[in-house]
Each structure stands twice: as structure tokens, then as C-alpha cells.
Amino acid sequence: MIHEIETGCPASLRDSVLRGPDRPDFVRDETLADILAATSAKRATHPALVWGARTITYGALGQLADTVARALGHRGARPGHVLGLFLPRGADVVVAQAGIAASGAAWLPFDAEVPLERMKMCLALASATALVTAREWVPRLSGLPVPVWAFEDLLDADVVFSPPTRAQPTDPAYVIFTSGSTGQPKGVVVSQQNICHFLRSENDRIEVRADDRVYQGFSTAFDMSFEEIWLSYLVGATIWIAPADVAVDPDAIAAALVRERITVLHTVPTLMGLIEAPLADLRVVNLGGEACPDTLADRLARPGRRVFNTYGPTETTVSATLAELRPGETVTIGGPLPNVGILIVGADGHPVTEGTAGELCVFGPGVAIGYLGRPDLTAERFVPNPVATGAADARMYRTGDLARVTPEGAVQWLGRTDSQVKVRGFRIELDEITSALAAQPGVAAAATVVRDIAGVEQVVCFAAGRPREAVSTGTLLDALAGRLPRYMVPAHIEIVAELPRLTSGKIDVVCLRAIPLTGAVERDVGGAAPRTEHEGALYEALARLCPGKALAPE
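**Let's talk about the overall build of the protein**
Phase 1: Helix and strand counts for the protein stand at 17 helices and 27 strands.
Phase 2: The 554 residues of the protein split such that 56% are buried.
Phase 3: In the protein, 63% of the contacts between residues at least 6 apart in sequence involve partners at least 24 apart.
Phase 4: Of the accessible surface of the protein, which amounts to about 22400 Å², a share of 53% is contributed by carbon and sulfur atoms.

So this is what it looks like as C-alpha cells:
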């Protein structure tokens, strides 16, 4: 069995409480900086990062991180501080991340395409000390509420200054803002101990090795990037960083995986489903971020390759459960990682009986500190654990996901209890999109659902216009693009006379999912048609992944 019987519960409730293997050696007095420093010393000449023609060894990475940390310390960065991190894809953002970790501060990552207004909001909510960015981006960030520091200046600084005080395991390691149902994003604060434990716990199952070559394709604003980057640091593997045009093109990804002899791939099922090449060198495929279909598991699994399906919200530190997928078996989210606990509860907050559906809760060392500056929301979602055995598992996180425990002792994910969904691996509160759309001039009412468009699950909005006020999909899409991250901008906005409603007055979501759409959204891309055969292939791949989006090059 993948779980241990919880002896503190009545027999009828035991199968709704699962505990991963007990591994106290994974809970250590360490930080991310400690992990990288140890590997940099042990594997100094081994390649850590490959970015185009540039290769950075672990020894050089450790020195670069120390240089950045000293410069940050000279500018006042300390443990407990939060530094925004806004750099383009490449080696620099990974080095900057390591430098912030070495300084003892926490980082708040932003995707390269985040709207400026959202960045301002998140920096203010985090009480950030400063923002680290590229020198060329500094002029357009002058309106931010914090100092803006150029990464290149940090690297060039000749600072004779002792590194700041070492962070403690209980100090924040990073802050990631997730979509908020009230229209305001919420910042999840993850401690050094949370993330360091996760790295050791998950790798106990997926077994990334020192001789592996790991593909890095996630934005650092998405916490699955820790599996690519910091899990590799833990064992001393080599990370190959994908260029921006490769990371969004399934065919280019497949070619890169073969050319670079990649052996470990962390990705979302949606993207993996678009890759048809056999990828003979891959020995580990780690899927996560969204539901995994049975058909994908059947296609990927083969002798010499291990395929995993992981589950976990940001609030429980990247992943909490894991299943190894095998052909012919129904996909589940498996069982808890070492030291992690899973509990299925009913509406009363108590464990449900065997096989009964309920809310999935997670307890153990991965449960995050809470929501930044939101004690009310923290108290609502991070609650006392009714099956706690001590201080280490005294709290649990109520995920808002529906699940049940199968007779085999695995966890079966059944969907959401609220409006939160995952699209292409990104966690999205549909209510936040609806709130932003409803606030636009001329919109009387709005609703948001997820629908299949061109074979891919996409966000679709419906807007009812006010009498005698014209609204257009193009105007609304442009307004949302200036307010929301790109992954939250809907693929289509349907203008309707009125929204269908139930007898209760609530919007009929089932009806919205069936209403015929008037066609693909046409957006002005400035006449930027494909200029080469390569761009044409890229546009075609992007259209499959992001139907209805503008595809003009940067």
C-alpha cells in the first residue's frame, strides 16, 4: 500500500487519512543557499547551466551568486526582505535568483510579460525592498513603488562587504502571487524549510541524478520551475535553458530534447500531449500543474522511462502527492510524498468515510507560512489539523479541490469546489477574470468558463453589454491584456444580449459551456505576418496552444 494506516482515527475513517513515508532526515537546518553552496563546492567543474553558447559550471555559479549577494547586502537586502525579480528568460534570471537566495532575502518573481499595473500591485502588497531587473528595462520601470536595481550593476559591483546574516529555515524563501477570487492577487509565502524539504522529498521518488541533463522551460514565476532548477542543484545535474521561442513551440521543444540529449523533463500534460516525437533519451517525465489524461500516460510510458503525475498547490510547496504512471492503469494523483499527509474532509471539516468525496487537505513540512499581509485569508485556508500528531503537522491547508481515496489507497482528483482552474499549468481564479471584465465600460454583466477550443482547454468569457453602449471584443481583450497576466487573458470573449441564469438567479455555467461561439477572436497584430518559414511554423504551433491570441513577435 502507498499509505500508512492512521491509528488515531476510527476504522471507518482511516482510508481518508494518508501519510507518506516517515523521513525525518529530509527536514534539515538548511536553506536554498546552503544546498547550492554544497553542490558548487562538490561539483565545481561540472556544468550547471547551459544557455546558448554559454556554459556556467557549478563553481562559477557559486561565485556569481556570492557576487550578487554581496552587492545586494551592500544595498541593504537582509533575511526577511522581499526583492522583486523581473528579468528575461535566460541564464541571468537563474543567476539572479541564486544571488538573492545567497543574500538571505526572498524573491518575488514576475513573468517577462506581466502588466506594469499588476507588478505595482504585487510589489506594494509584498512591501518589497526593491526590484532586480535588466539594465535596459530600468527606464520603463521608473513609476514603481520601490527602488529598481539593474542586475548588471550587481554583477559589476566591486564590494568588499561581508555577506548578510544567513537566512534561517523559518525565513521566507520566495513569494508567488496567485490569482485571487476577489479580484486581488494573493501572495503565498514559502519558507526555506518548506522548499528545501520538498526538493529532498520529491527527488526521493523521481530520482534526478548528477549525470542528468534537465530541460528548463517554465517561467520562474511558476513554482514548477523549482523542479527544473533547484532540484537539479540538489544533485548537481546540468540544466539546459530553453530560449523563449523554443519554450512555446512543441515541435521546437521536441527537436531540442533530442539535440541536447535531455534526460529529465518537467512539464504540463497539455504541452506534452502536443509532442509526438519518441524522445528516446528521456528517462524521467514529471507531469504536473493540471489534470493528466489516461491516454497520455499510455503513450509516454515505456521500458527505461519513468513517468510521474504530481499534484500540489503553491500553498503546499510545489507538489504534495505523486503517482508513477503505468500503461493501462487509471491516472490518479497517487499518494503523499515522504513526510506529507493527506486528509479528505467533509463540509464539517472532519475526515470522511472510506471512498467518500470531500475536500482535499494537505499537512506536513510543505504547508507554507501563509498569505502575505492577509491574516484573515490565512486563517480561513490554513487551519488546525484534526489528526495532528505534534507541532510538525499541527496545521493543514484546505485546497478547495474535491477528491476521494480509491480502494487501492491512491487519491483521485475530482475537480474544484470553487471557480479556480488550471489552464496550461497556470492556476487561475475565474472570478478574477470576471471581475476585471465586468469593470470595463459598457459591460453590464460577465462570466468566465473553461471550454475546449481547437482541442485545447481555454478560458472563454461572456459579456452582456449595457443598453445603448457598444462594446467590442477587441477593446475588451486589449483592456484585460493591460490588467491581467497573459496566461489569464481569455482566448475568446463572446458578446451576448444576456447571460443565461438558473431559477435561483445564479448564472447557468452549464449553459455557457454549450453556447455556440461566433468564431475565433480577431486581434490586430500590427500586420506582423510570418517573415520566414521558421516563424510560420512557430505561429502555427502557438495557434494550437493559444487560439485567439495575438501572435506578433516581440
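**Digging into the sheet that holds strand β27 (residues 492–496)**
Phase 1: One open sheet holds the three strands; their spatial order is β25-β26-β27, and the pairing between them is mixed. Each having just a single partner strand, β25 (443–453) and β27 make up the two edges of the open sheet. Adjacent strand axes in the sheet meet at a mean angle of 25° when their direction is disregarded.
Phase 2: Relative to strand β26 (residues 456–465), β25 runs antiparallel, the two being bridged by ten bridges. Along β26, the bridge assignment pairs Asp 452 with Glu 457.
Phase 3: Against the sheet, helix α14 (residues 430–438) engages β25, β26 and β27, with an angle of about 140° to β25.
Phase 4: Helix α15 (residues 473–481) rests against β25, β26 and β27 of the sheet, and its axis sits at about 130° to β27.

**Concerning the environment of Asp 223**
Phase 1: When you line up the elements, Asp 223 lands in the loop between β10 (213–216) and α7 (225–228).
Phase 2: Note on Asp 223: relative accessible area 5%, which makes it buried.
Phase 3: For the pair Asp 223 and Pro 109, spaced 114 residues apart in sequence, the C-alpha to C-alpha distance is 9.7 Å.
Phase 4: With residues up to four places along the chain from it excluded, the contact list for Asp 223 reads Ile 176, Thr 314 and Val 318.

**Description of helix α2 (residues 58–74)**
Phase 1: Here α2 is 17 residues long and its end C-alpha atoms lie 24 Å apart, about the 24 Å a rise of 1.5 Å per residue gives.
Phase 2: Every buried residue of α2 is accounted for by Tyr 58, Gly 59, Leu 61, Ala 65, Val 68, Ala 69, Ala 71, Leu 72 and Gly 73.
Phase 3: Among the residues trailing α2, Gly 76 stands out with phi positive, at a value near 105°.

**A word on the nonpolar core**
Phase 1: Judged by nonpolar contacts, the single largest core of 96 residues is most densely connected at Leu 32, Leu 49, Trp 230 and Tyr 233.
Phase 2: Here this core takes eight residues from helix α3 (residues 91–103), the largest share from any one element.
Phase 3: When residues no more than four places from it in sequence are discounted, the contact partners of Tyr 233 are Ile 35, Leu 36, Thr 39, Leu 49, Tyr 58, Leu 61, Val 94 and Ile 239.
Phase 4: Within the second largest apolar cluster, 33 residues are counted, among which are Tyr 215, Ile 253, Leu 287 and Val 307.

**Focus on helix α6 (residues 192–206)**
Phase 1: Its 15 residues give α6 an end-to-end C-alpha distance of 21 Å, which sits within 8% of 21 Å, the value for a rise of 1.5 Å per residue.
Phase 2: Counting buried residues in α6 gives twelve out of 15 residues, a clear majority hidden from the surface.
Phase 3: Residues of α6 that are buried: Gln 192, Asn 194, Ile 195, Cys 196, His 197, Phe 198, Leu 199, Arg 200, Ser 201, Glu 202, Asn 203 and Ile 206.
Phase 4: Within two residues after α6, Glu 207 carries a phi angle of roughly 60°, on the positive side.

**Considerations on the side chain of Asn 194**
Phase 1: Inspection of the secondary structure assignment puts Asn 194 in helix α6.
Phase 2: Residue classification places Asn 194 among the buried positions, given a relative accessible area of 4%.
Phase 3: A distance of 3.2 Å separates a polar atom in the side chain of Asn 194 from the backbone oxygen of Val 367.
Phase 4: Setting aside residues up to four positions removed in sequence, Asn 194 forms contacts with Thr 317, Pro 365, Gly 366, Val 367, Ala 368 and Ile 369.

**Section: the packing of aromatic side chains**
Phase 1: In the structure shown here, the tally under the stated rule is 13 aromatic pairs.
Phase 2: Ring geometry for Trp 107 versus Trp 230: centroids 6.2 Å apart, planes at 20°, classification stacked. Remark: Trp 230 occurs in helix α8 (residues 230–235) and Trp 107 occurs in strand β5 (residues 106–109); sequence separation between them is 123 residues. Both residues of the pair, Trp 107 and Trp 230, count as buried.

**Comments concerning the confidence of the model for the protein**
Close reading of the predicted structure is inappropriate where its pLDDT is low.
Phase 1: Scored by pLDDT, the protein has a mean of 88; 88% of the residues are at 70 or more.
Phase 2: Long-range and interchain partners of residues 521–527, a stretch whose pLDDT sits below 50, account for 14 contacts in this model, where long-range means more than four residues apart.

**So, the environment of Ala 391**
Phase 1: Locating Ala 391 in the fold gives a position in the loop between β20 (382–384) and β21 (395–405).
Phase 2: For Ala 391, a relative accessible area of 76% puts it in the exposed group.
Phase 3: For Ala 391 and Gly 364, which are 27 residues apart along the polypeptide, the C-alpha to C-alpha distance reads 9.6 Å.

**Describing the environment of Glu 228**
Phase 1: Considering the arrangement of structural elements, one finds Glu 228 in helix α7.
Phase 2: Considering only alpha carbons, one finds Glu 228 and Tyr 215, 13 residues apart in sequence, at a separation of 6.9 Å.
Phase 3: Beyond its immediate stretch of four places on either side in the chain, Glu 228 contacts Val 214, Tyr 215, Gln 216, Gly 217, Phe 218, Ile 239 and His 266.
Phase 4: At 2.8 Å, the side chain of Glu 228 and the side chain of Gln 216 are in polar contact.

**Some thoughts on the pairing of strand β23 (residues 420–423)**
Phase 1: Here β23 pairs with strand β24 (residues 426–429) via four bridges, running antiparallel. Directly across from Gln 420, in β24, lies its bridge partner Glu 429.
Phase 2: Following β23, the chain reverses through two residues before pairing antiparallel with β24; Arg 424 in that reversal takes a positive phi of roughly 55°.

**Some points on the side chain of Gln 97**
Phase 1: By the element assignment, Gln 97 lies in helix α3.
Phase 2: Exposure remark for Gln 97: the relative accessible area of 1% places this residue in the buried category.
Phase 3: Of the polar contacts made by the side chain of Gln 97, one reaches the side chain of Trp 230; its length is 2.8 Å.
Phase 4: If near-sequence neighbours (up to four positions away) are discounted, Gln 97 is found in contact with Leu 85, Trp 107, Thr 220, Ile 229 and Trp 230.

Reading the values: rules and limits
Residues numbered from 1 in each chain as written. Predicted model: local features only at pLDDT ≥ 70, side-chain atom pairs only at ≥ 80, totals over all residues. Heavy atoms only, no water. Helix = DSSP H or I, 4+ residues; strand = E, 2+ residues; numbered from the N terminus. Buried < 20%, exposed > 50% of the residue type's maximum accessible area, 1.4 Å probe, protein only. Contact = heavy atoms within 4.5 Å. Areas by Shrake-Rupley, 256 points an atom, 1.4 Å probe, with all protein chains shown as cover. Pairing = 2+ DSSP bridges. Axes fitted to C-alpha atoms, helices over the stretch in contact; angles between N-to-C directions. Expected span 1.5 Å × (residues − 1). Core = buried A, V, L, I, M, F, W, Y, C linked by side-chain atoms within 4.5 Å. Polar contact = N/O pair within 3.5 Å; in protein donor to acceptor, adjacent residues only side chain to side chain. Phe/Tyr/Trp six-rings, centres within 6.5 Å; stacked < 30°, edge-to-face > 60°. pLDDT = per-residue confidence, 0-100.

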